Amino acid sequence: MMNTWVCVGSVDDIPRGEGRKVALGDLVVAVFHLDDGRFLAVDHHCPHRRGPLADGLLCGKTVVCPLHGWKVDLDSGNVHGEGAALRTFPAEVREGRIYLSTREVLLTR
Amino acid sequence: MTKQRLVVVGNGMAALACLEEIYRRGGPPQAEFEVTVFGAEREVNYNRILLSDVLSGKKNTEEIVLNPLTWYAERGIRLHLGEPVAHLDVQNRTVRSAGGIEASYDLLLLAMGSVPFIPPIKGVEKPDVFTYRSLEDVRVIRDRANRSQNALVIGGGLRGLEAARALAELGLEVTVAHLMDRLLEMQLDGQAAAILRRQIEELGIRVLLGHCADEILGNGATEGVHFTNGTAREADLVLISTGIRPNVALAQEGGLEVRRGIVVNDFLETSVPGIYAIGECVEHRGKTYGLVAPIYEQAKTAAAALCGDQSKPYTGSVTAAKLKVAGVDVVSMGNFLADGAACEEMVYSDPTAGIYQKVVLQGGRVVGGIFLGDTALSGRIFQVLQSGEDVTLQRKGLLRGEGGVPPASVMALPDEAVICGCMGVCKGTIMAAIQEHGCTSREAIAEETRACTSCKSCGPLLDQILQQVLGGEYVKTAQQPVFCGCLPLDQTALRTEIKVRGLRSATEALRALGNGVGCAVCKPGLSYLLSEVWANDHLEERQHRFINDRVHANIQKDSSFSVVPRMYGGVTSPEELRRIADAAERYGVRMVKLTGGARIDLLGVSKADLPRIWADLGMPSGHAYAKAIRTCKSCVGTDFCRFGVQDSISMGIAVEKAFEGLYTPHKVKLSVSGCPRNCAESTVKDIGLVGIQGGWEVYVGGAAGMKVRKGDLLCTVETREEALAASAKFLQLYREEARYMERTYDYVERVGMETIQKVVLENPDEGSALLSRLNQSKALAQDPWLEREHPVHPRQFEDLIPAPAGASDESQESEVRSQGLEG
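Nothing here was measured: the structure is a model prediction, and the numbers come from that model.

Below, the discussion takes up the overall build of chain B. A count of helices and strands for chain B gives 24 helices and 40 strands. A burial count over chain B gives 52% of its 823 residues as buried. Here the analysis covers contacts within chain B between residues at least 6 apart in sequence; of these, 62% occur between residues at least 24 apart. Carbon and sulfur atoms form 50% of the exposed surface of chain B, whose accessible area is close to 36,100 Å².

Here you go:
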């Protein structure tokens, strides 16, 4: 499958252990810089009440929504115990810059 | 002295409880026993209730052993492990094990327990399908779990749910499929089960109700489970926990009377004289039992009977099932479903808090009940259920623990009352442990009686008994809760370790003392603790802080933030108000409102605008978003008020300036009133000062929020300086000693005002040490809104900005184009 990649910033733009929001067209994505150095991305809005996941506390690879504490697994996008799931977006680091795969973004534009 | 040969078939909790009782009695009066025990499992007697802790890895096998090998050896017991008894010859009074070991008996005790019931499911013989009943089961499941991703537990009863939780803790995706329309249907009604379900789901476990498994799918290996409703679920590990059946095969072979279980009389004797049976394998008066408490009662009667004492028959057990299901306390008793004519139900239900309490009445008497989440009242309700007394006059208070039904004093309970439901230990046994065996702590009682060794929910009752029996001699052992599962130390130990090891950051502390990851509960708490231990000379790591403490504003439901600038003592000026008004307009503030703490709140500010609005306001942070010193409310006092006796305005400003910027275990609200009319409501603040003629009263631990509590008078002093110093000492003591998220009102109740007064008022050395530690922290406290000039990270307040389309390198551009063409 062919993917298209968009650069969303440099690795230094997200402190380790935190997340940041990025708006890509109609899509709002939360990008996280994990303790183990990985970058993972999911939909920014919590499926519960649209809480801002990029502002959540990151624990391992789980982010906890700051509004009501829903927990999202960043690898799978699964919401713990709610049977809901968020979309995940492949992320890659090339030469110190973070790229997200945004196939869907371009299609919706 | 003749020796009687006692052969025990079974080496589990029932068998050993009976043997222990026999030794406690000193054996039969005219003889001595020569005891032989056959155990089908390879293990010595262990606590089956704790199997799920072994499965999850919280405990190792040794930790759940109840009787180690030395216990058997010291008593000269011949022990055959891994030797299930296969033959029983009633005529010749012998048994023979599967391995061919023969033993003759004068007396025989059958305690074979139960076997898992396995429903008819195609493919249950597959290698990745397990039952969950023994340590051996746990070993193989653990081994398989290491290589598994998806576990499916068939059966939503107590064991199934415990196993599901343990598997989830091992990191597996877990689904529980239950045949019935609700979980734990033997203990809960629909509403309670729904609350429990939610809590189970919050652990990340999926629950399927009304699902009847009929086939294990997979070609060779296990790949999933098919249900009779036509659906299927992926699973590479399947655990069957669909109930138990009394293990009666041996008794049937021996020709004993067997119905559902081995039939026994009130002395636990079977249809064949000299053969006794206890535990899950028996049927007594038509009932079988699966909980430990009634089985321990049987064990006692059987032990007496084996020793020739038939003075106390066993007449059956009315027990309240006290369970801990996946961390949730559950008590279920009697006719909890309100089956039958003229039953009334009284229910208190708070699904959000996970609490459900129900009492079933019939003809003015309590006949059943359910307690989920909060089981404090269950002891008293069980008592009136057992006594059968008419509670018509008390019904209003039954579920409120008031109005004629005082919370059950444990001393009012009879000696037979079961205190520890897990291990079936009654009050008399605990009293004896204290009075005759010199136990002075929970731990000692646990060691002596086994009470409080499983779910530990009876701990507070043990404390009460100790307190009553020992009075002043009883010093409650520090039963501090563990800081967090991620950091399994109590807070005092955690502080010590942080200091001794010189851990200055949360990351270091989590690595050195915990699981290296932490969670949303403990990371903010740990961050506070570090700042407090090192008096703000710690290594601040914002990634472990809640968003409010990263951007110093209070997040709102729409992801915007609220901004509350500090106004010392609540005093402002026209000039300041103009700046606030301008800023509110400039940044599109959606609402300007006075807060409960009498400050101005600007609501609806975007994160990116925070540094700018702070700059425009030119005022320090009011810390309205943090576990920190909040505002100091004040009245106008002697400046204007015709009743004022003290200058509450300047005092309010002084208090707020003295403490601003300090972080605390939970929020701290302050207030100063200029006279006893107390217009600033100082008696319902964490620290409140009330001006009186010639001095000040200092109140602490007041609240008027979720809890309403009048503050306790810490002291009455003459001068402002003394009032400030007393407040400061109390504040520092609270900062150091309170548990994270413990408000002052809970703290003063836990520690007691006397203790606090001793430290703050009567011990000048400790008092001045407290002050100097407070000053140290204060010296390094900074207005966090100054981070507008010096952010801790260049993008502290900012989102990411994507590179403009087409600005990427060429290969990506071509991909974009081809994508566009495809579309």
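There's more to say after this.
With that settled, consider the confidence of the model for chain B. All names here are of chain B. Counting all residues, the mean pLDDT for chain B is 90, and 95% of those residues have values of 70 or more. Scored below 50 in pLDDT, residues 403-407 makes eight contacts in the model with residues more than four places away or belonging to other chains. Ignoring residues within four places in sequence, the model shows residues 808-823, a span with pLDDT below 50, making 16 contacts including any to other chains. Interface predicted TM-score (ipTM) for the complex: 0.94; the corresponding pTM is 0.53.

Note on interface size: it is often stated as the accessible area lost on association of the parts. On the chain A side, the residues contacting the 39 residues of chain B number 41 residues. Counting each side, the surface lost to burial between chain B and chain A is near 3,200 Å², with a carbon and sulfur contribution of 55%. On the surface where chain B and chain A come into contact, there are four salt bridges. Summed over the shared surface of chain B and chain A, the number is eight residue pairs in polar contact (both at pLDDT 80 or more). Secondary-structure elements contributing two or more residues to the side of chain B that touches chain A are α15 (522-533), α16 (547-551) and α24 (810-822) of chain B.

The next thing to look at is empty space enclosed by the protein. All names here are of chain B. Summed over all chains, the structure comprises two cavities of 30 Å³ or more. Quantified by volume, the largest cavity comes out at close to 50 Å³. If you trace the largest cavity, you find it lined by Ser505, Ala506, Ser527, Leu530, His538, Leu539, Glu540, Glu541 and Arg545. Split by residue class, the lining of the largest cavity holds three nonpolar, three polar and three charged.

The next subject is the sheet that holds strand β30 (residues 554-555) of chain B. Residues and elements named next belong to chain B. The strand order β30-β31-β33-β32 describes an open sheet built from four strands, whose pairing is antiparallel. Only two strands of the sheet have a single partner each, and these edge strands are β30 and β32 (591-594). Both strand β31 (residues 561-563) and strand β33 (residues 600-605) contribute to a ladder of three bridges, which runs antiparallel. Along β33, the bridge assignment pairs Ser562 with Leu603. Packed on one face of the sheet, helix α18 (residues 610-617) meets β31 and β33 and runs near 10° to β31.

Turning to the packing of aromatic side chains, a few remarks are in order. In this structure the tally under the stated criterion is eight aromatic pairs over all chains. On the numbers, 5.5 Å between centres and 85° between planes, the contact of Trp71 of chain B with Tyr72 of chain B is edge-to-face. Of the two residues, Trp71 of chain B and Tyr72 of chain B, neither departs from the other in class, the shared state being buried. Ring pairing ties together the aromatic residues Tyr23, Trp71 and Tyr72 of chain B, which thus form one cluster. Sitting over the face of the ring of Trp5 of chain A, Arg94 of chain A holds its NZ or CZ atom 5.4 Å from the ring centroid. The residue whose ring lies beneath Arg245 of chain B is Phe117 of chain B, and the NZ or CZ to ring-centre distance is 4.0 Å.

This next bit is on the sheet that holds strand β19 (residues 275-277) of chain B. Across a sheet, paired strands are connected by hydrogen bonds in the backbone, their directions being either parallel or antiparallel. All names here are of chain B. Read from one edge to the other, the open sheet built from five strands follows the order β3-β2-β1-β7-β19, with strand pairing classed as parallel. On the outer flanks of this sheet lie β3 (78-81) and β19, each paired with one strand and no other. In this sheet, adjacent strand axes meet at a mean angle of 20° when their direction is disregarded. For strand β7 (residues 107-110) and β19, the ladder comprises three bridges, and the chain directions are parallel. When the bridges of β19 are listed, Leu109 appears paired with Tyr276.

All names here are of chain B. Relative to each other, helix α20 (residues 720-737) and helix α23 (residues 764-779) sit at 75°, their axes nearing to 9 Å. Between α20 and α23, the angle is such that the two are roughly perpendicular. For the pair α20 and α23, the contacting residues are Ala725, Ala728, Lys729, Leu731, Gln732, Leu733, Arg735 and Glu736 in the first and Gly767, Leu770, Leu771, Arg773, Leu774 and Ser777 in the second. In the contact of α20 with α23, the residues fall into seven nonpolar, three polar and four charged.

Right, let's get into the side chain of Lys729 of chain B. Residue and element names in this part refer to chain B. Assignment of secondary structure puts Lys729 in helix α20. It turns out Lys729 is buried and unbridged, and the closest side chain with the opposite charge, Glu722, is 8.9 Å from it. Those residues within four positions of Lys729 in sequence are excluded, and the remaining contacts are Val760, Gly767, Leu770 and Leu771.

Attention shifts here to the nonpolar core. Residue and element names in this part refer to chain B. Of all hydrophobic cores here, the largest spans 79 residues; its most connected members are Leu6, Leu19 and Leu110. Beyond its immediate chain neighbours, meaning those up to four positions away, Leu19 contacts Leu6, Val8, Val35, Val37, Trp71 and Ile77. Core analysis: the next-biggest nonpolar cluster, separate from the first, contains 44 residues, Leu167, Leu183, Phe336 and Tyr356 among them.

Right, let's get into the side chain of Ser52 of chain B. By the secondary structure assignment, Ser52 of chain B is in helix α2 (residues 51-56). The contacts of Ser52 of chain B, once residues within four sequence positions are left out, are Tyr132, Glu162 and Ala166 of chain B.

We now examine the pairing of strand β1 (residues 2-9) of chain B. One ladder, built from eight bridges, connects β1 of chain B with strand β2 (residues 31-39) of chain B; its direction is parallel. Its bridge partner lying in β2 of chain B, Thr2 of chain B is registered against Ala31 of chain B.

Turning to the state of the cysteines, a few remarks are in order. Under the criterion given, the structure shown has zero disulfides over all chains. Looking at the unpaired Cys59 of chain A, the closest cysteine sulfur is the one in Cys519 of chain B, lying at 6.1 Å.

On to the packing of helix α13 (residues 491-501) of chain B against α15 of chain B, then. All names here are of chain B. Packing of α13 against α15 brings their axes to within 10 Å, and their N-to-C directions diverge by 55°. It follows from the interaxial angle that α13 and α15 lie oblique. The chirality of how α13 crosses α15 is right-handed. Where α13 approaches α15, its residues Gln491, Leu494, Arg495, Ile498 and Lys499 are matched on the opposing element by Leu526, Leu529, Leu530, Glu532 and Val533. Class assignment for the residues of the contact of α13 with α15 results in six nonpolar, one polar and three charged.

Before going further, it helps to spend a moment on helix α6 (residues 190-202) of chain B. Along its 13 residues, α6 of chain B runs 18 Å from first to last C-alpha, staying within 8% of the 18 Å computed at 1.5 Å per residue. After α6 of chain B finishes, the residue Gly204 of chain B shows a positive phi value of roughly 90°.

It is worth spelling out the environment of Ser650 of chain B at this point. Topologically, Ser650 of chain B is positioned in helix α19 (residues 648-659). A sequence separation of 13 residues divides Ser650 of chain B from Gly637 of chain B, and the C-alpha atoms of the two residues are 9.1 Å apart.

So, about helix α21 (residues 744-751) of chain B. All names here are of chain B. Among the residues of α21, Thr744, Tyr745, Tyr747 and Val748 are the ones counted as buried. Along α21, the residues classed as buried sweep out an arc of 160° about the axis, all on the same side. Tucked into the core, α21 has its buried residues touching β37 (695-700), β38 (703-704), β39 (708-709), β40 (712-717), α20 and α22 (753-762).

The tally for this structure, following the rule as stated, stands at 59 salt bridges over all chains. The closest approach of N and O atoms between Lys607 of chain B and Asp55 of chain A, which form a salt bridge, is 2.6 Å. Taken together, the residues Lys607 of chain B in the loop between β33 and α18 and Asp55 of chain A in the loop between β4 (39-43) and β5 (57-59) connect one chain to another. On the basis of relative accessibility, which here comes to 12%, the residue Lys607 of chain B falls in the buried class. According to the relative accessible area criterion, Asp55 of chain A is buried, its value standing at 7%. Here Glu201 of chain B makes a salt bridge to Arg197 of chain B, at a shortest N to O gap of 2.9 Å.

Criteria and thresholds
- Residues numbered from 1 in each chain as written.
- Chains lettered and ligands numbered in written order.
- Predicted model: local features only at pLDDT ≥ 70, side-chain atom pairs only at ≥ 80, totals over all residues.
- Heavy atoms only, no water.
- Helix = DSSP H or I, 4+ residues; strand = E, 2+ residues; numbered from the N terminus.
- Buried < 20%, exposed > 50% of the residue type's maximum accessible area, 1.4 Å probe, protein only.
- Contact = heavy atoms within 4.5 Å.
- Areas by Shrake-Rupley, 256 points an atom, 1.4 Å probe, with all protein chains shown as cover.
- pLDDT = per-residue confidence, 0-100.
- Buried area = accessible area lost by both parts, 1.4 Å probe.
- Salt bridge = Lys/Arg side-chain N within 4 Å of Asp/Glu carboxyl O.
- Polar contact = N/O pair within 3.5 Å; in protein donor to acceptor, adjacent residues only side chain to side chain.
- 1 Å grid on protein atoms, 1.4 Å probe; cavity = no way out; pocket = protein on both sides within 12 Å on 5 of 7 lines; lining within 4 Å.
- Points joined across faces, edges and corners; volume = space filled by probe spheres on them.
- Nonpolar A, V, L, I, M, F, W, Y, C, P; charged D, E, K, R; others polar.
- Pairing = 2+ DSSP bridges.
- Axes fitted to C-alpha atoms, helices over the stretch in contact; angles between N-to-C directions.
- Phe/Tyr/Trp six-rings, centres within 6.5 Å; stacked < 30°, edge-to-face > 60°.
- Lys NZ or Arg CZ within 6 Å of the ring centre and 35° of its normal.
- Parallel < 35°, antiparallel > 145°, perpendicular 65-115°, else oblique.
- Lys, Arg positive; Asp, Glu negative; His and termini not counted.
- Core = buried A, V, L, I, M, F, W, Y, C linked by side-chain atoms within 4.5 Å.
- Disulfide = S-S within 2.5 Å.
- Left-handed = near helix turned anticlockwise from the far one by under 90°.
- Expected span 1.5 Å × (residues − 1).
- Arc of directions from axis to C-beta.

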